[in-house]
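An overview of the molecular structure
Next come the chains, spelled out residue by residue.
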Amino acid sequence: MDIPFNVKERPDTGLYNGKLGIWFFLASEVMLFGGLFSAYIFLRNGVDNWPAGTDYLDVPLATLNTLFLISSSVTMVMSWASLKLNDFNKYKFYTLITLLFAFGFLVIKYFEYSAKFSHHYYPSTNNFLGIYFTMTGLHVLHIIGGILVIGYFYGPGSKMWNSDPERFTNRVEIVGLYWHFVDLVWIFLFPVLYLL
Amino acid sequence: MTPEEVKHHVKTYVLVFVALAFLTIVTVAISYIDLGVKGGIALGLFVASIKASLVACYFMHLLDEKATIYWTLIATAISFLILIFLPVGAFLAQARVY
Amino acid sequence: MSEGHHKQSFWSKYIWSTDHKVIGIQYGITSLVWLLFGFALMAIMRYQLAYPGSPVPIVGSLLGEGGILPSEMYNSLGAMHGTIMIFLGVVPLAFGAFGNYLVPLQIGAIDMAFPKLNAASYWTYFLGSVIMVTGFFVPGGAANSGWTSYPPLANTATMGQTVWLLGMVMLITSSLLGSVNILVTVIQLRTDGMTWMKLPIFVWTQFITAFLLLLAFPPLEAAGILQLMDRLVNTSFFMPSGLVVSGEVLQNAGGGSPLLWQHLFWFLAHPEVYVLILPAFGIVTEVIANNTRKPIKGYNSLVYAMVFLGFMSFIVWAHHMYLTGMGTTIGAFFQTTTMIISIPSVVILTALLLSLWGGSIRFNTPMLFALGFLPMFGIGGLTGLPLGLAAADIHLHDTYYVIGHFHYVVAPGTIFALFAGIYYWFPKLTGKRTNETLGKLHFFSSFICMNGVFMPMFVTGLAGVSRRLWDGGESYAHAAGVFQLNELMSISAWLLGVAQLFFIINMVISLRSKKTGESNPWSATTIDWTDTTSPPLGHGNFDKVPTVYHGPYEYSVPGSKKDFLPQSQKG
């Protein structure tokens, strides 16, 4: 008993179910991070002495992190493209690079956070740091989630390539869309928190 | 998407990556220019929006996407803008005694 | 995927099932239990309101010294009653239960688009609801800062508030998973011929509700995260500078804003009230069409009004915040949008009322509840108008008038519609019929008692009695003239509880009765009735997936042999 349009697109919408589903999920994520951005704007407008990002944060490290995420985004779309071109080995290669860049991001974040704590800069120190830790923290949780799912599709989940390649390709496309969204959030977080 | 279309897109992905890397450097560079708070925010968000559009249009294939997705994103964008602007707008328009 | 039907274990068939019908029933049973529990909390509160300071019978030993309800616990019962009724009761029943069970059937689908995700959304709800209720067992008791959890009070409250926040995060997650499922299912899995304007109104309401939940809930999740940060790691997102609590200056950075919480909270909580009412509109429409034996008047108007209502619901929220010191311009903006949003509600109510005209009305139990819904929702809606006008709201805000208003829309409003739905679809789920006498007793006793509880609230509210007062206003001079109404309201509430026994007994008797073997006892037109396998419904839902040829309410078509034309039959 198969659910229709799981793999083949429905003619009038031109979409398969998972693609529509992930876009709806991303819509809710826009509103989730939107709530935090709204809080940031509200809090910043409420006080006169909002610190500059550079007072507390390491711009070069974060720039490197931005480049890591952008790179992971391009390798992610390349891994999907490889499946479309029937090259499973290339898929594994690009997916591994994606995971490495993602881990790189986490490692830099770890150094960033430890540096803050060693200077006694905590979320409770002031609202700038509070919103910084909350927004980047939630973003980090999303990175970890992405790593888990991409890792699953690199490893045990990749068996589906043998039984149902089209469905597997779709799944990789879907997780890719999620991953690009995580990159998108950072594209806004970086200037807002670090540079403004 | 056919394999031929995908091969063509691969070239685009690389170009977009280069553009994104370049714009990242630009973002950091312009942060050193003193444009005042409002100017800085406007310019920073403008560059970020260009980067975001590149990721959305090319990596997320939004340029080739279907109407249903566009309508969903329009509805989301409207709610997002309401969420961003109305609360702080209400706060700034607060009743003041002095 | 294997075509054969292997024998499933009890656990995979009934507990971890991914079948939308089983999941719908799981949501239904769980939410009905929570509705009863939330009701019981209120029944205890109402004893204190009627007889302040008196020992509460039966449960007194659980409460406090001498069996008297202490004020902090009164506050907990109040906050938890609201939270449980809305998030553990009504929404899971209206959206999780009715939506999951019926949407695939009404659109001709064999299941929801993502069955495993569906199961995940139910178990997340179950877990979230259990977490929520464990608040009663932590030191300091359950959350006691209102279901609205305003800072700074909620920020400085006891552990129960943290439990509330964690529960909410899980419940919101469950809701988001469910919304994605309904949206994709309705867009992608409609059967051949089921175009958008041939959908039953019930499906439209579930679709719009899913959109509201998808976009409005996440900001509350964000706010919840911020409040958890404030409580657990001492951030000051919602805490202004210089706060003194119990004589001690708070040791935090300050600079935050309680208003920020209110904006983020009401950004969800206003669309939430439309989440509470839209499924009810959907159910009432189905029941009225069926029991008037005529098409619904104004199908297109209903759809456009509901879509417009959904959109407008995002820009009215600050009418809950008129008294926070907002400027006149912004107040006028929200007042205008609030007045405008009353228009689609009136269009919908009018369409439903006009649908009765010239109908061949059958006064069975579902129809009685649907008919009762109409004036009750009317009263609820009308009493919303003075609240929506900023000037009048100065007097009415945070009084019992507000409580009367929203209970009219949700209690003899939505909950009546949900009862109508349960009685109406019971034969489809079980193949059995409910007892009409018990059903009518349930309706008439509930109708009278509902009005007994909530009508006097307009009187006490106008007199100025504030909400959330542990003594019901006994110590306030302006409440002196109306205080005696508390006892009337409490007795009505307890009788309302007794009246639900008619429902519970009816359910038990009916479930144990013999199957009638009928698949469409109401002679309905929608494909959930006409084309599904004989109840109780099995794997795959349909013997043969139907094609749809026309609209959903083709009753009394001129020249037709029967007084109804199924959607799946060429006419």
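Residues numbered from 1 in each chain as written. Chains lettered and ligands numbered in written order. Predicted model: local features only at pLDDT ≥ 70, side-chain atom pairs only at ≥ 80, totals over all residues.

Quick look at the interface of chain C and chain A
Spelled out, the test is: This entry defines residue contacts through backbone-placed C-beta atoms, with two residues in contact when those atoms are within 7 Å. Segments assigned H or I by DSSP are reported as helices when at least four residues long, segments assigned E as strands when at least two residues long, and all are numbered from the N terminus. Three classes are used: nonpolar for Ala, Val, Leu, Ile, Met, Phe, Trp, Tyr, Cys and Pro, charged for Asp, Glu, Lys and Arg, and polar for all others, with Gly counted as polar.
With 36 residues of chain C at the interface, the matching set in chain A holds 32 residues. Listed by contribution, the elements that provide at least two residues to the side of chain C that touches chain A are α6 (160-188), α7 (201-233) and α8 (258-292) of chain C. Take the side of chain C that touches chain A: its biggest share by element is 11 residues, from α7(C). Here the residues of the side of chain C that touches chain A are counted per class, giving 24 nonpolar, 10 polar and 2 charged.

Structural notes on the packing of helix α3 (residues 59-84) of chain A against helix α7 (residues 165-195) of chain A
All names here are of chain A. Applicable threshold: To obtain an axis, a line is fitted to C-alpha atoms, over the contacting stretch when the element is a helix, and the angle between two such axes runs from 0 to 180 degrees between their N-to-C directions. The scheme is simple: roughly parallel for angles under 35 degrees, roughly antiparallel for over 145, roughly perpendicular for 65 to 115, oblique for anything else. Less than a right angle of anticlockwise turn of the near helix away from the far helix marks a crossing as left-handed, whereas a clockwise turn marks it as right-handed.
Here α3 crosses α7 at 165°, and the two axes come no closer than 9 Å. Relative to α7, the element α3 is oriented roughly antiparallel. The handedness of the crossing between α3 and α7 is left-handed. For the pair formed by α3 and α7, the contact residues are V59, A62, T66, L69, I70, S73, M76, V77, S79, W80, L83 and K84 on the first element and T169, V172, E173, G176, W179, H180, D183, W186, F190 and Y194 on the second. Here the residues of the contact of α3 with α7 sort into 13 nonpolar, 6 polar and 3 charged.

Quick notes on the interface of chain B and chain C
Facing the 12 residues of chain B at the interface are 14 residues of chain C. The residue makeup of the side of chain B that touches chain C, split by class, is 7 nonpolar, 5 polar and no charged.

Topic: the confidence of the model for chain C
Note the threshold: Each residue carries a pLDDT score, the predictor's confidence in it, ranging from 0 to 100.
For chain C, the average pLDDT comes to 94, and 99% of its residues sit at 70 or higher. Prediction confidence for the complex, expressed as pTM and ipTM, is 0.96 and 0.96 respectively.

Describing helix α1 (residues 3-30) of chain B
Put simply, the test is: Expected span of a helix: the number of residues minus one, times 1.5 Å. Buried means a residue has 20 or more other C-beta atoms within 10 Å of its own C-beta, exposed means 12 or fewer, and partly exposed covers the counts in between; C-beta atoms are placed from the backbone.
Here α1(B) is 28 residues long and its end C-alpha atoms lie 40 Å apart, about the 40 Å a rise of 1.5 Å per residue gives. Turning to α1(B), its buried residues number three or more, namely B:V16, B:F17, B:L20, B:T24 and B:T27.

Remarks on the nonpolar core
Quick note on the threshold: Joining buried Ala, Val, Leu, Ile, Met, Phe, Trp, Tyr and Cys residues through C-beta atoms within 7 Å gives a set, and that set is a nonpolar core.
Ranked by internal contacts, the top residues of the largest apolar core, which has 261 residues, are A:A39, C:L183, C:V284 and C:A420. In terms of residue count, helix α4 (residues 71-107) of chain C provides more of this core than any other element does, 22 residues in total. Beyond its immediate chain neighbours, meaning those up to four positions away, C:L183 contacts A:F24, C:F207, C:A210, C:F211 and C:L214.

So, the environment of A:S82
Residues and elements named next belong to chain A. Residue position: S82 is located in helix α3. Since 22 C-beta atoms lie within 10 Å of it, S82 is described here as buried. Residues S82 and Y94, spaced 12 residues apart in sequence, show a C-alpha to C-alpha distance of 8.5 Å. Other than its neighbours up to four places away in sequence, S82 contacts D87, K90, Y91 and Y94.

What about helix α13 (residues 400-430) of chain C?
Residues and elements named next belong to chain C. Heads up, the rule is: The reported bend at a residue is simply the angle between two axes, fitted to the 7 residues ending at it and to the 7 residues beginning with it.
Of all the bends in α13, the largest measures some 40° and sits at Y424, one to four residues before the proline P427. Buried residues dominate α13, accounting for 27 of its 31 residues. G431, located one to two residues past α13, shows a positive phi value of around 80°.

Re the environment of C:F458
All names here are of chain C. Mapped onto the secondary structure, F458 falls in helix α14 (residues 436-463). Residues F458 and V402, spaced 56 residues apart in sequence, show a C-alpha to C-alpha distance of 8.0 Å. Residues within four places of F458 in sequence aside, it is in contact with T383, Y401 and G404.

Section: unusual backbone geometry
Looking along the chain, the bond that leaves C:P151 and enters C:P152 is cis, with omega of -5°. In this structure, C:P152 sits in the loop between α5 (115-134) and α6. Even without a glycine there, the phi angle at B:H61 is positive, about 60°. Accessibility expressed as a C-beta count within 10 Å gives 19 for B:H61, which makes it partly exposed. One non-glycine residue, C:S556, lies in positive phi territory at about 50°. Following the sequence through the fold, C:S556 ends up in the segment after α16 (527-530). We classify C:S556 as partly exposed; it has 17 C-beta atoms within 10 Å.

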